[in-house]
Amino acid sequence: MKWYKKLHWKILLGLILGLLWGLFASFIGLTEFTGSYIRPLGTIFIDLLRLIAVPLVLCSLVVGVASLNDMTRLSKMGGKTVGIYLVTTFLAVTIGLTIVNVMQPGATLPDETRAALIESYGERADASGAAADQLAERNILEFFADMVPQNFFQAASNNSNMLQIVFVAILLGVGLVNIPAQKGEPVILFFDSLNDVIIKIVDLIMKTAPYGVFALMAAVIVDLAGDNLGQALLLLRALAWYGLAVVIGLLLHVLIVYSSLFKLFSKMKLRDFFKAIQPAILLGFSTSSSLATLPVTMERVEKNLGVSDEVSSFVLPVGATINMDGTSLYQAVAAVFIAQALGMDLTIAQQLTIVLTATAASIGAAGVPGAGIIMLVIVLQSVNVPVEGIALILGIDRILDMVRTAVNVTGDAAVCVAVAYSEGKLGALHFDDESENV
Ligand code: ASP
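Residues numbered from 1 in each chain as written. Predicted model: local features only at pLDDT ≥ 70, side-chain atom pairs only at ≥ 80, totals over all residues. Heavy atoms only, no water.

K.L.:
Before we go on, may I ask you to explain the overall build of the protein in this structure?
P.N.:
Along the protein, the regular secondary structure elements total 17 helices and zero strands. With 438 residues in all, the protein has 53% of them scored as buried. Intrachain contacts of the protein at a sequence separation of at least 6 include 85% that bridge at least 24 residues. For the protein, the accessible area works out to roughly 18900 Å², and carbon and sulfur atoms hold 66% of it. (Helix = DSSP H or I, 4+ residues; strand = E, 2+ residues; numbered from the N terminus. Buried < 20%, exposed > 50% of the residue type's maximum accessible area, 1.4 Å probe, protein only. Contact = heavy atoms within 4.5 Å. Areas by Shrake-Rupley, 256 points an atom, 1.4 Å probe, with all protein chains shown as cover.)

K.L.:
What's the story with the environment of V247 in this structure? I'm lost.
P.N.:
Its location among the elements puts V247 in helix α10 (residues 229-265). Here V247 falls in the partly exposed class, since its relative accessible area comes to 28%. Along the sequence, V247 and Y330 sit 83 residues apart, while their C-alpha atoms lie 8.6 Å from each other. Those residues in contact with V247 that sit more than four places away from it in its chain are L400 and V403.

K.L.:
I tried to follow a nonpolar patch on the surface on my own but got confused; where do I start?
P.N.:
On the surface, L13, I16, L17, L19, L20 and L23 cluster together into a nonpolar patch covering about 500 Å² of accessible area. With respect to the helices, strands and loops of the structure, L20 is situated in helix α1 (residues 7-28). The exposure class assigned to L20 is partly exposed, which follows from its relative accessible area of 48%. (Patch = residues over 30% accessible without salt bridge, like charges linked within 9 Å, V, L, I, M, F, W, Y side chains within 5 Å. Salt bridge = Lys/Arg side-chain N within 4 Å of Asp/Glu carboxyl O.)

K.L.:
Can you help me understand the nonpolar core in this one?
P.N.:
Note that soluble globular proteins tend to have their nonpolar side chains buried in a common cluster. By size, the foremost hydrophobic cluster in this structure holds 128 residues, and its most contacted members are Y242, F273, L305, I354, L376, I390 and I393. Considering each element in turn, this core owes the most residues, 19 residues, to helix α17 (residues 390-422). With residues near it in sequence (within four places) discarded, L376 still touches Y330, Q331, A334, A335, I338, I390 and I393. (Core = buried A, V, L, I, M, F, W, Y, C linked by side-chain atoms within 4.5 Å.)

K.L.:
Mind showing me how you'd approach the pattern of salt bridges here?
P.N.:
Close approach of charged atoms allows side chains of opposite charge to pair. Across all of its chains, the model carries six salt bridges by this definition. Among the salt bridges present, the one from K303 reaches E299, with a minimum N-O distance of 2.5 Å. Of this pair, K303 and E299 both sit in helix α12 (residues 290-303), four residues apart, which is roughly one turn of that helix. Judged by relative accessible area, K303 falls into the partly exposed class, the value being 44%. Of the charged contacts, one joins D397 and R404 as a salt bridge, the two residues approaching to 3.2 Å between their closest N and O atoms. Relative accessible area serves as the criterion here: at 6%, D397 is assigned to the buried category. Among the charged side chains, a salt-bridge network with shared partners connects K76, K80 and E423.

Set out below in structure tokens:
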């Protein structure tokens, strides 16, 4: 197959054309047209992926847990997975804090820009604050209590209840492990077949990805720029330093943490890893949702990275729900940036608090667009930085959401490789043309 016919290049082309169209539309005043006639295509694409999320997490986790077929293996792999997830998240926050303290992006913000931003985003910041207030009132036990749904269908009716679906799926899997194999088999087969059907549907949806990604990008740029490109560019320039700190931190995290993880737990080269999961990263980038990207991450990890589905169907759905390295790193940079911009100095104790709360907040954040900024409020409150400061960064959050989601997806896949290797379930890499079509 010619290189330009491969889907990941087409997605990249869609992304770039969407970006160019967004800028062009803002420039000649076609924002309304873009909003009414292009944005819906992106909405359809991302909704199709969301539609798949609950059934996919349910089926793959049930099959994943049931295939571990004894409780000792289950708890061993579960412990290992959650342990590595926690360590990588903790390292991400630490890298974020280091970068933001070295680069001091908050000190570069001009006074007028600061005032203008607070004024134009005040309302949205208030809304994030209200949502987070509700979350912050819960203590840790209440957090666990929320994981247990009263009713399965209610849990499945809202994608932000994904932790509840994870709970139900694990419970179902554990039940299946504990009944005679003969009895459990039809149920496991059912979920297994359904899982295959879902993956097939994802294949079909992905064929439309270049168009969906084009529309999503165009809509993001138009939202950001409105009809006033000059103002948008000014704001972007003022916040570029902060954005750069987040992006540098994310790059360092990927290069240092994931390559060390590969050195420790597999002999895989970072380059090969990226080559294999590139479409998942691009999709994470353009949808800003690790949950929506999950089907593609699973496919790439299994087909191209050689991870056995026994491991991936457990590690990845859990990761898409609780493991967000990119989000936690971003929260650390954002919290300190806001404090710096408002002229506040954070003590070492406060920065340590950020390490803990950003780790917890990223676990609690759903894998959907914008979840990170809602949880950021909790981080800010924990160190007494005014929540209104979020207004400063809302303007470029959409773009940073894309980058951090790409890292979240990368992190899930990297840990999946590590767990597979340590369980002796990592096969050979595979780069044939056939599997490059996703
Ligand atoms: N959009 C991110 C994700 O889906 C979460 C966030 O907002 O940071 O992984």
